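Single-letter residue listing:
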Amino acid sequence: MAFLADSLKRIKPSATIGVTDKARALKAAGRDVIGLGAGEPDFDTPDNIKEAAIRAIREGRASKYTNVDGIAELKAAVARKFKRENGLDYQPSQITIGVGGKHVIYNAMMATLNPGEEVVIPAPYWVSYPDIVMLAGGEPVCIEGPMDRAYKISAEQLDRAITPKTKWLIFNSPSNPTGAAYSRDELKALTDVLVKHPHVHLLSDDMYEHLVYDDFEFYSPAQLEPSLYERTLTLNGVSKAYCMTGWRIGFAGGPEPLIKAIAKIQSQSTTNPAAVSQWAAVEALDGPKDFIPKHNKVFKERRDLCVSMLNQANGIKCPTPEGAFYVYPSCAGTMGKTAPSGKKLANDEDFVTELLEAEGVAVVHGSAFGLGPAFRISYATATTALEEACRRIQRFCGNLKA
Ligand SMILES: Cc1ncc(COP(=O)(O)O)c(C=O)c1O
């Protein structure tokens, strides 16, 4: 009898964490490596949030277990956030707090999927969606948003992908890994399809809501199409916009029976998210937000720098995304060429491996996100390092032999 569970065979380790670990190991071995793999802001958590956490510790509010799915104060702050920023009304009984957004997605899939039930996932997708679905016993059904449609899916594609077995659509805009964000009209076309299929639930991953550029206006699907409210789980968190990836707080608003089921799973697994992090998240949501536009100004400059420099590299094409802190260039024009090591590039995994070897730049191959040949660059890193990395990519592509 095998010791490890069969379910493990269905999934793979996170490619983005893998690249970050590899870059870290090469750096520790003395190599000059620029890591563009990590999906987290390079800015530190704002001081008012840190101070709120320190106060919570000093005042003894961080020492004990809390309610399994979050303290009342944080649920109230989340309800205010949904109302203020998304025009959505959620009662505290419709809100769950988890150990990061990933945990909430995991719990939601564990709470709802039976073997063979399908989850529609637009590709390129965030690496964890298909694997979480498979761990929970479901079947990911991926539909591709091609580069010439700015990595977005069409209403027709969504309609065709839905079957009687479809339980969820997992939707993510602005997107990790492409940065693509659906406009109001593009989103409405998709919600119109969902209206026609009342058995399909919607998990809207709004994690990058605040990271949008060039006056892009963000809408959450249940806000745009209120008839979907009853079957939507609106997911968000403090990790990205508030520079709090390490604190591990994510949250969602949704139908009460689902929220209760999530709490049941949480009560037999992690119990509450760390109490100190919950108090920090209250301050993040209720406190000043002036740092967000300041960060966005820097992110936008870096996005423009990347897009411009990458489009000057031989064989690379890079669309300009609306949000998040990623660009997703195609490297189709380099396929079949030969790297300095003598290796012929057959796919995007070869491209990123050879780029790391030859130039010490760590990026993640697009096939890990379900659409290649391409790669993802996280530009949430110092501008000087980013500029140097793009220069190295240009040199690498220039040195490839036809
Ligand atoms: C699209 C998307 N959803 C959810 C998450 C999870 O965020 P958290 O760190 O809060 O678990 C991430 C993090 O990379 C993400 O990119």
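None of the values given here were measured: they were computed from a predicted structure. (Residues numbered from 1 in each chain as written. Predicted model: local features only at pLDDT ≥ 70, side-chain atom pairs only at ≥ 80, totals over all residues. Heavy atoms only, no water.)

In this section: a nonpolar patch on the surface. Among the surface-exposed residues, Phe3, Leu4 and Leu8 lie close enough to one another that they form a single nonpolar patch of about 390 Å² accessible area. Relative to the helices and strands, Leu8 resides in the segment before helix H1 (15–28). (Patch = residues over 30% accessible without salt bridge, like charges linked within 9 Å, V, L, I, M, F, W, Y side chains within 5 Å. Areas by Shrake-Rupley, 256 points an atom, 1.4 Å probe, with all protein chains shown as cover. Salt bridge = Lys/Arg side-chain N within 4 Å of Asp/Glu carboxyl O. Helix = DSSP H or I, 4+ residues; strand = E, 2+ residues; numbered from the N terminus.)

The strand order across the open sheet formed by three strands is E9-E12-E11, and the pairing between neighbours is antiparallel. Edge positions in the open sheet fall to strand E9 (326–327) and strand E11 (364–365), since each of these has one partner strand only. Direction of pairing for E11 relative to strand E12 (residues 375–378): antiparallel, over a ladder of two bridges. Note on E12: the bridge partner recorded for Val364 is Arg376. (Pairing = 2+ DSSP bridges.)

Under the counting rule described, the total for this entry stands at 31 salt bridges. A salt bridge links Glu359 to Arg395; the nearest nitrogen and oxygen atoms lie 2.6 Å apart. Here Glu359, found in helix H12 (residues 348–359), pairs with Arg395, found in helix H13 (residues 383–399); they are 36 residues apart in sequence, far enough to count as distant. Put simply, Asp32, Glu387, Glu388, Arg391 and Arg392 are held in one network by salt bridges that share partners.

Quick look at the site of the ligand now. Neighbouring residues of the ligand: 13 residues in total, closest Gly101, Asp205, Tyr208, Ser239 and Lys240. Within the side chain of Asn176, a nitrogen or oxygen atom sits 2.8 Å from an oxygen atom of the ligand. A distance of 2.6 Å separates an oxygen atom of the ligand from a polar atom in the side chain of Lys240. Here the ligand, which alone exposes 390 Å², has 93% of that area covered by the protein. A class-by-class count of the residues in the shell around the ligand yields four nonpolar, five polar and four charged. (Near = heavy atom within 4 Å. Polar contact = N/O pair within 3.5 Å; in protein donor to acceptor, adjacent residues only side chain to side chain. Nonpolar A, V, L, I, M, F, W, Y, C, P; charged D, E, K, R; others polar.)

Below, the discussion takes up the nonpolar core. Residues Met109, Leu310, Phe351, Phe375 and Ile377 are the most contacted members of the largest nonpolar core, which totals 74 residues. With six residues, H13 is the single largest residue contributor to this core. Excluding residues within four positions of it along the chain, Leu310 makes contact with Ile316, Cys318, Val327, Pro329, Ile377, Cys390 and Ile393. (Core = buried A, V, L, I, M, F, W, Y, C linked by side-chain atoms within 4.5 Å. Buried < 20%, exposed > 50% of the residue type's maximum accessible area, 1.4 Å probe, protein only. Contact = heavy atoms within 4.5 Å.)

Moving on: helix H9 (residues 256–267). Counted at 1.5 Å a residue, the expected span for H9 with its 12 residues is 16 Å, and the 16 Å between its end C-alpha atoms agrees. For H9, the complete set of buried residues consists of Leu258, Ile259, Ile262, Ala263 and Gln266. Buried residues along H9 cover an arc of 140 degrees about the axis, so they all sit on one side. Away from its buried face by more than 90 degrees, H9 exposes Pro257, Lys260 and Lys264. For H9, the secondary structure elements touched by its buried residues are strand E2 (95–98), helix H4 (101–112), strand E5 (166–172), strand E7 (232–237) and strand E8 (250–253). (Expected span 1.5 Å × (residues − 1). Arc of directions from axis to C-beta.)

All right, on to the packing of aromatic side chains then. Applying the stated criterion across every chain yields a total of 16 aromatic pairs. Aromatic pair Phe82 and Phe251: ring centres 5.8 Å apart, planes at 80 degrees, arrangement edge-to-face. One end of the pair, Phe82, is in helix H3 (residues 72–86); the other, Phe251, is in strand E8, and 169 residues separate them in sequence. In this structure, Phe82 and Phe251 share a single accessibility class: buried. Pairing Phe351 with Phe375 gives two aromatic rings, centres 5.0 Å apart and planes at 20 degrees, and the pair type is stacked. Residue Phe351 is found in helix H12, and its partner Phe375 is found in strand E12; the two are separated by 24 residues along the sequence. The cationic tip of Lys152 hangs over the ring face of Tyr182; the distance from NZ or CZ to the ring centre is 5.9 Å. We note Arg184 situated over the ring of Tyr219; from NZ or CZ to the ring centre the distance is 5.0 Å. (Phe/Tyr/Trp six-rings, centres within 6.5 Å; stacked < 30°, edge-to-face > 60°. Lys NZ or Arg CZ within 6 Å of the ring centre and 35° of its normal.)

Turning our eyes to something else, we now look at the sheet that holds strand E6 (residues 201–205). The strand order E2-E8-E7-E6-E5-E3-E4 describes an open sheet built from seven strands, whose pairing is mixed. The sheet is open, and its two edges are formed by E2 and strand E4 (139–144), each paired on a single side. Between one strand axis and the next, the sheet turns by 20 degrees as a mean value, whatever way the strands run. Here E6 pairs with E7 via four bridges, running parallel. Following the sheet pairing, Ser204 is matched in E7 by Thr234. Strand contacts of H3: E2, E7 and E8, with the helix running at about 115 degrees to E2, the strand carrying the most contacts. (Axes fitted to C-alpha atoms, helices over the stretch in contact; angles between N-to-C directions.)

This part covers unusual backbone geometry. Ser173 connects to Pro174 through a cis peptide bond whose omega is -10 degrees. Along the chain, Pro174 falls in the loop between E5 and helix H7 (184–196). At the junction of Gly372 and Pro373, the peptide bond is cis and its omega measures out at 0 degrees in the coordinates. By secondary structure assignment, the location of Pro373 is in the loop between E11 and E12. At Arg248, a residue that is not glycine, the phi angle is positive and equals roughly 65 degrees. Considering the arrangement of structural elements, one finds Arg248 in the loop between E7 and E8.

Turning our attention to the packing of H4 against helix H5 (residues 128–135). Look at H4 against H5: their axes get within 9 Å of each other, and the N-to-C directions meet at 35 degrees. Regarding H4 and H5, the two cross each other, and that crossing is right-handed. Contacts between H4 and H5 involve Lys102, Ile105, Tyr106, Met109 and Met110 from the first element and Ser128, Tyr129, Ile132, Val133 and Leu135 from the second. When grouped by side-chain class, the residues that make up the contact of H4 with H5 number eight nonpolar, one polar and one charged. (Left-handed = near helix turned anticlockwise from the far one by under 90°.)

Let's shift gears to helix H11 (residues 291–310). Because an α-helix completes one turn every 3.6 residues, residues spaced three or four positions apart along the sequence face the same direction. In this model H11 runs 28 Å from its N-terminal to its C-terminal C-alpha over 20 residues, within 8% of the 28 Å that 1.5 Å per residue would give. The complete set of buried residues in H11 reads Phe291, Ile292, His295, Asn296, Phe299, Arg302, Arg303, Cys306, Val307, Met309 and Leu310. The buried residues of H11 occupy one face: seen down the axis, they fall within an arc of 165 degrees. Residues of H11 that are exposed and angled more than 90 degrees away from the buried face: Pro293, Lys294 and Lys297. The secondary structure elements touched by the buried residues of H11 are E9, E12 and H13.

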